[in-house]
Amino acid sequence: MTDITSAPGRPGRGHVTTHSELSQIALRLFIERGFDETTVDEIAREAGISRRTLFRYFPTKNDLPWGDFDSLLDHMRATLSEADQELPIFEVLRKAVIEFNRFPQHELAMHRSRMWLLLNVPTLMAHSTLRYTEWRQVIAEYVAQRLGTLPNDLAPQTIAGACLGISLAAYEQWLAHDDANLMDTFDVAFSSAEEIFGTKTPSLPGFSHT
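Calculation criteria
- Counting from 1, residues in each chain are numbered in the order their sequence is written.
- Only residues with pLDDT of at least 70 are given local features in this predicted model, and only at 80 or more are side-chain atom pairs given and counted; all residues enter the totals for whole chains, interfaces and linings.
- Only hydrogens and water are set aside when side-chain values are computed; all heavy atoms of the structure are taken into account.
- Going along the chain from the N terminus, every DSSP run of H or I of four or more residues is numbered as a helix, and every run of E of two or more is numbered as a strand.
- Exposure classes here rest on a 1.4 Å probe applied to the protein chains alone. A residue is buried below 20% of its type maximum, exposed above 50%, and partly exposed in between.
- Only heavy atoms matter for contacts: two residues are in contact if any of them lie within 4.5 Å across the pair.
- Per-residue and other accessible areas were derived by the Shrake-Rupley procedure at a 1.4 Å probe size, with only the shown protein chains allowed to occlude residues.
- To get an axis, a line is fitted to the C-alpha atoms, and for a helix only the part in contact is used. The angle between two axes follows their N-to-C directions and goes from 0 to 180 degrees.
- In these notes the angle categories are as follows: under 35 degrees is roughly parallel, over 145 is roughly antiparallel, 65 to 115 is roughly perpendicular, and the rest is oblique.
- Each crossing is labelled by how the near helix is turned from the far one, with a counterclockwise turn of less than a right angle marking it left-handed and a clockwise turn marking it right-handed.
- The classification used treats Ala, Val, Leu, Ile, Met, Phe, Trp, Tyr, Cys and Pro as nonpolar, Asp, Glu, Lys and Arg as charged, and all other residues, Gly among them, as polar.
- Stacked, edge-to-face and tilted are the three classes for Phe, Tyr and Trp ring pairs, Trp counted by its six-membered ring, which pair at centre distances within 6.5 Å; planes under 30 degrees apart are stacked, over 60 edge-to-face, the rest tilted.
- Nonpolar core, defined: a set of buried Ala, Val, Leu, Ile, Met, Phe, Trp, Tyr and Cys residues in which side-chain atoms within 4.5 Å join the residues together.
- Segmentation of the chain into domains, including their bounds, is taken from an automatic or database domain assignment.
- The directions considered for the arc are those from the helix axis to the C-beta atoms.
- pLDDT measures the predictor's confidence residue by residue and takes values from 0 up to 100.
- Think of a salt bridge as a Lys or Arg side-chain nitrogen and an Asp or Glu carboxyl oxygen that are within 4 Å of each other.
- Between the first and last residue of a helix there are one fewer steps than residues, each counted as 1.5 Å, and that sum is the expected span.

Student: Before we go on, may I ask you to explain the overall build of the protein in this structure?
Tutor: Within the protein, the secondary structure is distributed over nine helices and zero strands. Listing the helices and strands of the protein from first to last along the sequence gives α-α-α-α-α-α-α-α-α. Considering the protein as a whole, with its 210 residues, one finds that 44% of them fall into the buried category. Look at the contacts in the protein between residues 6 or more apart in sequence, and 68% of them connect residues 24 or more apart. Summed over its atoms, the accessible surface of the protein is roughly 11,100 Å², and 56% of this surface lies on carbon and sulfur atoms.

Pasting the structure below:
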């Protein structure tokens, strides 16, 4: 995507025109100045683009910490659709969720800051509800396909909600321990849930032993 309405940026700096780059700039400013204290105009100026161009990438300031979240959801949806249908549902979900949250080593420090903001800044916490709904729906669609139900039925929504809960618990633990490994934390979180609840699908309306 090309920036066609650029605004003057800092001398010697090229214009930033990707979701990832804009999100990284915004995160840095949020960390340095505070989320509420950082304006959209400041982010656009730092990126060397206009306010109007920035809003082409991110509808609101609250969307900036999420990066290209829609593409990540599309990738998770594809991962689930390509999964071995002979594997238990829980195992497929474990792998897909862990892969969704996998980041290169050099991005982990920024990702830690991102997650701290999303889980602690009141304005972002409220907005996160919308993103969590989109994320849960991807899980629910897959579960519904495996169970032969509708995505909004109780069973798929329950399982999707459980996966979100496991993920948030893993992130809270990761943020609380500087030496924690993100992937290991997710693996332990899912293993704990599997150990406690088991892998047998409950005998509730809308569930089948698939």
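Past the structure itself, the notes keep going.
Student: So what exactly am I meant to see when it comes to the packing of helix α1 (residues 19-33) against helix α2 (residues 40-47) here?
Tutor: Two measures define how a pair of helices packs: the angle their axes make with one another and the distance between the axes. Between α1 and α2, whose axes approach to 10 Å, the crossing angle comes to 125°. What the angle tells us is that α1 and α2 run oblique. Crossing geometry of α1 relative to α2 is assigned as right-handed. Within the contact between the two elements, α1 uses Leu 22, Ile 25, Ala 26, Arg 28, Leu 29, Phe 30 and Arg 33 and α2 uses Glu 42, Ile 43, Glu 46 and Ala 47. For the contact of α1 with α2, a count of residues per class yields seven nonpolar, no polar and four charged.

Student: What exactly am I supposed to notice about the environment of Gly 34 here?
Tutor: As for its placement among the helices and strands, Gly 34 is situated in the loop between α1 and α2. Along the primary structure Gly 34 and Leu 117 are separated by 83 residues, whereas in three dimensions their C-alpha atoms are 9.3 Å apart.

Student: Explain the packing of aromatic side chains here, please?
Tutor: Two aromatic rings are characterised by how far apart their centres lie and by the angle between their planes. Overall, the coordinates contain eight aromatic pairs when judged by the stated rule. Where Phe 100 meets Trp 135, the ring centres are 6.3 Å apart and the plane angle is 70°; that geometry is what we call edge-to-face. Taken together, the positions of Phe 100 in helix α5 (residues 89-100) and Trp 135 in helix α7 (residues 122-147) put the pair 35 residues apart, joining distant regions of the chain. Judged by relative accessible area, which is 4%, Trp 135 ranks as buried. Between Tyr 171 and Phe 186 the ring centres are 5.2 Å apart and the planes differ by 85°, which places this aromatic pair in the edge-to-face class.

Student: Explanation requested: the nonpolar core in the structure shown.
Tutor: Burial of nonpolar side chains together is a common tendency in soluble globular proteins. Of all hydrophobic cores here, the largest spans 61 residues; its most connected members are Met 76, Leu 80, Leu 93, Trp 135 and Ile 139. By residue number, the principal contributor to this core is helix α8 (residues 154-176), which donates ten residues. The two domains that each donate at least three residues to this core are domain 1 (19-63) and domain 2 (68-197). Discounting chain neighbours no more than four positions away, the residues touching Leu 80 are Gln 85, Val 92, Leu 93, Ala 96, Val 138, Ile 139 and Tyr 142.

Student: Is there a simple way to explain α2 in this structure?
Tutor: Every α-helical turn comprises 3.6 residues, leaving residues that sit three or four positions apart pointing alike. Restricting attention to buried positions, one finds in α2 the residues Val 40, Ile 43, Ala 44, Glu 46 and Ala 47. Seen along its axis, α2 keeps its buried residues to an arc of 160°; they face one direction. One or two residues past the end of α2 sits Gly 48, with phi positive at roughly 75°.

Student: I would appreciate a short explanation of the confidence of the model for the protein in the present structure.
Tutor: Low-confidence regions, as indicated by low pLDDT, have predicted coordinates that should not be scrutinised in detail. Residues at a pLDDT of 70 or more form 86% of the protein, whose mean pLDDT is 88. At the low end of the mean pLDDT range in the protein sits helix α9 (residues 182-197), at 93; at the high end sits α8, at 97. The model gives residues 1-13 a pLDDT under 50, and that stretch makes 32 contacts with residues more than four places away or in other chains. Residue range residues 200-210 is modelled with pLDDT below 50. Its contacts to residues more than four positions away, or to other chains, number 16 contacts.

Student: Help me out: how do you make sense of the pattern of salt bridges in this one?
Tutor: Opposite charge on two side chains allows them to pair when their charged atoms are near. Counted according to the given criterion, the structure contains 13 salt bridges. The closest approach of N and O atoms between Arg 28 and Glu 32, which form a salt bridge, is 3.7 Å. Of this pair, Arg 28 and Glu 32 both sit in helix α1, separated by four residues, roughly a single helical turn. A residue is classified by how much of its surface remains accessible, and Arg 28, at 28% relative accessible area, is partly exposed. Between Glu 141 and Arg 77 there is a salt bridge, with the nearest N and O atoms lying 3.3 Å from each other.

Student: Would you explain α5 in this entry?
Tutor: With twelve residues, α5 extends 16 Å from end C-alpha to end C-alpha; this agrees with the ideal 16 Å at 1.5 Å per step. Summarising burial for α5: nine of the twelve residues are buried, a large majority. Within α5, burial applies to Ile 89, Phe 90, Val 92, Leu 93, Arg 94, Ala 96, Val 97, Ile 98 and Phe 100. The secondary structure elements touched by the buried residues of α5 are α4 (69-81), α7, α8 and α9.

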